[in-house]
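Listed here are the chains, written in short residue letters.
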Amino acid sequence: MKRSTVRLADGRELIYFDERDDAVRQGPDLRELPPPPPASELRYDPLTDEWVAIAAHRQTRTFLPPTDQCPLCPSRPGRSSEIPAYDYDVAVFENRFPSLSDRVADPVGGYPAITPFTPARPGLGRCEVVCFTAEHDTSFAGLPPARVRTVLDALADRTAELSTLDGVEQVFCFENRGVEIGVTLHHPHGQIYAYPFVTPRTRALLAAARRHAEATGGRNLYADVLAAERADGERVVAANDLWTAYVPAAARWPYEVHLAPHRQVPDLTALDDAERDAFGPLYLDVLARFDRLFGTPQGTPYISAWHQAPVHADRELGYLHLQVFTVRRAVDKLKYLAGSESAMGVFINDVRPEQAAAQLRG
């Protein structure tokens, strides 16, 4: 894989990950762009012990442009996009409308407290866009396994580099697909968030893992859960020698699958070559099952989220896995997060996990 870096017209970084060593992607960005926006503001919620990002500049981000105006397609004569080259394999660049940014003049000061109980600070971190392909009218499920490997290598590369940034505590790689999810650009792409804190979901996972380790003499909770699911088999959707895809026994979403390596690793950087090669065919199989399950022309809307260990703490408790779920509960019905889920955080699942697994297997 060839890695090459360029700068966009406003100074943002763009990195090409090419499958050919002779690829040349050095074309200049010919646009006139304003400077990147200021960093967002983080406000602490004392009632939940969580940080909330206030990023008002994102109200002006690009929203569902026509295909010929897609900013993630390659540039072409007479029209420059976010990708200066006329072709690419995988491209990663700093988000033009970031929720978090490392372009902060004073990372520790400059934000007065909102109340005595609600301190504020700059939204230090970084947000990147990951373009999976130059082709606009396709999806991740339409990629060949070799391209999935390139994407995985790019995500591992970015995880390693973003983990070295001052103040970054967790790196989150994900893909949103479908307008039902809230996607504002149809071109196949994902995102990476480098957070200046450990996220609430990860803190909950780590707390449970810590209790399990203390009660079992150091055993890893996710490893034990995965072993139990593989031994039971009823909720396993697909598997190979190095990965298993299964519906969790207590799945929150009607159709939710975890893909986990059989070897405990903290993050994407720790996967070996064999594990990276084996992931693509299994993941593509799972995505195809989601699409066949609902049979909708535009494909199944989903969120695909990599759960990685924090950068600096509790790495021995983490266990890399990919969570994929759709907001559909039937062909013509969406799973809305209503009162119980949104207000109380208590999920009500409309489909038995065993039924969901059987449908996906079929």
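Below, the structure is looked at part by part. In this text, all values refer to a predicted model and were calculated from it rather than measured experimentally.

A short note on empty space enclosed by the protein
- All told, the structure shown has 3 cavities of 30 Å³ or more when counted by the stated rule.
- Of the voids in this model, the largest cavity is the one considered here, and its volume is about 140 Å³.
- Lining the largest cavity are 16 residues, and of these Phe-132, Phe-140, Val-151, Leu-155 and Trp-306 lie nearest its centre.
- Elements with a contribution of two residues or more to the lining of the largest cavity: helix H1 (145-162), strand S8 (170-177), strand S9 (189-195), helix H4 (273-294) and strand S13 (302-307).
- By residue number, the principal contributor to the lining of the largest cavity is H1, which donates 4 residues.

Considering the nonpolar core
- Residues Phe-140, Val-257, Leu-259, Leu-268, Phe-279, Tyr-283 and Trp-306 are the most contacted members of the largest nonpolar core, which totals 51 residues.
- Looking at this core element by element, the count peaks at 9 residues for H4.
- If we ignore the near neighbours within four places in the chain, the residues touching Phe-140 are Phe-132, Val-148, Val-151, Glu-175, Tyr-283, Leu-284, Leu-287 and Tyr-302.
- In this structure, Leu-8, Tyr-16, Cys-70 and Leu-72 belong to the second largest nonpolar core, which totals 16 residues.

Comments concerning the pattern of salt bridges
- This model, assessed by the stated rule, comprises 39 salt bridges.
- In this structure, Asp-277 engages Arg-149 in a salt bridge whose closest nitrogen and oxygen atoms are separated by 2.7 Å. Of the two residues, Asp-277 sits in helix H4 while Arg-149 sits in helix H1, which places them 128 residues apart along the sequence.
- Classification of Asp-277 as partly exposed rests on a relative accessible area of 46%.
- Between Arg-235 and Glu-229 there is a salt bridge, with its nearest N and O atoms 3.0 Å apart. Here the two residues Arg-235 and Glu-229 agree in accessibility, since each one is buried.
- Among the charged side chains, a network of salt bridges with common partners joins Arg-3, Arg-7, Glu-13, Glu-94, Asp-102, Arg-103, Arg-126, Glu-128, Asp-157, Arg-158 and Glu-161.

A few points about the side chain of Thr-244
- Structurally, Thr-244 can be placed in strand S11 (residues 243-246).
- A polar atom in the side chain of Thr-244 sits 2.7 Å from the side chain of His-262.

Focus: the layout of surface pockets
- In this structure, the largest pocket encloses a volume near 1400 Å³.
- Residue lining of the largest pocket: 48 residues in total, with Phe-172, Phe-174, Asn-176, Tyr-193 and Tyr-195 positioned closest to the centre.
- Here the lining of the largest pocket is built from residues that sort into 23 nonpolar, 15 polar and 10 charged.
- The volume enclosed by the second largest pocket comes to roughly 590 Å³.
- Lining the second largest pocket are 27 residues, and of these Arg-201, Leu-205, Tyr-222, His-258 and His-321 sit closest to its centre.
- Elements supplying a minimum of two residues to the lining of the second largest pocket: helix H2 (200-216), helix H3 (221-232) and strand S12 (256-261).
- It is H2 that provides the largest number of residues to the lining of the second largest pocket, a total of 7 residues.
- Residues belonging to the lining of the second largest pocket are distributed by class as follows: 17 nonpolar, 6 polar and 4 charged.

Concerning unusual backbone geometry
- The phi angle at Asp-49 is positive, at roughly 60°, despite the residue not being glycine.
- Note on placement: Asp-49 falls in the loop between strand S3 (41-45) and strand S4 (50-54).
- Accessibility expressed as a relative area gives 38% for Asp-49, which makes it partly exposed.
- Phi is positive for Leu-64, close to 45°, though the residue is something other than glycine.

Brief notes about the state of the cysteines
- Enumeration over the complete set of coordinates arrives at 0 disulfides.
- Cys-70 supplies the cysteine sulfur nearest to Cys-73, a cysteine that is in no disulfide, at a spacing of 3.8 Å.
- You can call Cys-73 buried: its relative accessible area is 12%.
- Free cysteine Cys-127: the closest other cysteine sulfur is in Cys-173, separated by 12 Å.

Here we look at H1
- In this model H1 runs 26 Å from its N-terminal to its C-terminal C-alpha over 18 residues, within 8% of the 26 Å that 1.5 Å per residue would give.
- Counting buried residues along H1, 13 of its 18 residues qualify, which places the element largely inside the surrounding structure.

Regarding the pairing of strand S1 (residues 2-7)
- By the bridge criterion, 6 bridges tie S1 to strand S2 (residues 13-18) in an arrangement that is antiparallel. Across the sheet, Arg-7 pairs through a bridge with Glu-13, a residue of S2.
- What sits between S1 and S2 in their antiparallel hairpin is a turn of 5 residues, with Gly-11 showing a positive phi close to 95°.

Basis of the calculations
Residues numbered from 1 in each chain as written. Predicted model: local features only at pLDDT ≥ 70, side-chain atom pairs only at ≥ 80, totals over all residues. Heavy atoms only, no water. 1 Å grid on protein atoms, 1.4 Å probe; cavity = no way out; pocket = protein on both sides within 12 Å on 5 of 7 lines; lining within 4 Å. Points joined across faces, edges and corners; volume = space filled by probe spheres on them. Helix = DSSP H or I, 4+ residues; strand = E, 2+ residues; numbered from the N terminus. Core = buried A, V, L, I, M, F, W, Y, C linked by side-chain atoms within 4.5 Å. Buried < 20%, exposed > 50% of the residue type's maximum accessible area, 1.4 Å probe, protein only. Contact = heavy atoms within 4.5 Å. Salt bridge = Lys/Arg side-chain N within 4 Å of Asp/Glu carboxyl O. Polar contact = N/O pair within 3.5 Å; in protein donor to acceptor, adjacent residues only side chain to side chain. Nonpolar A, V, L, I, M, F, W, Y, C, P; charged D, E, K, R; others polar. Disulfide = S-S within 2.5 Å. Expected span 1.5 Å × (residues − 1). Pairing = 2+ DSSP bridges.

Purely spatial values, then, with no claim about function.
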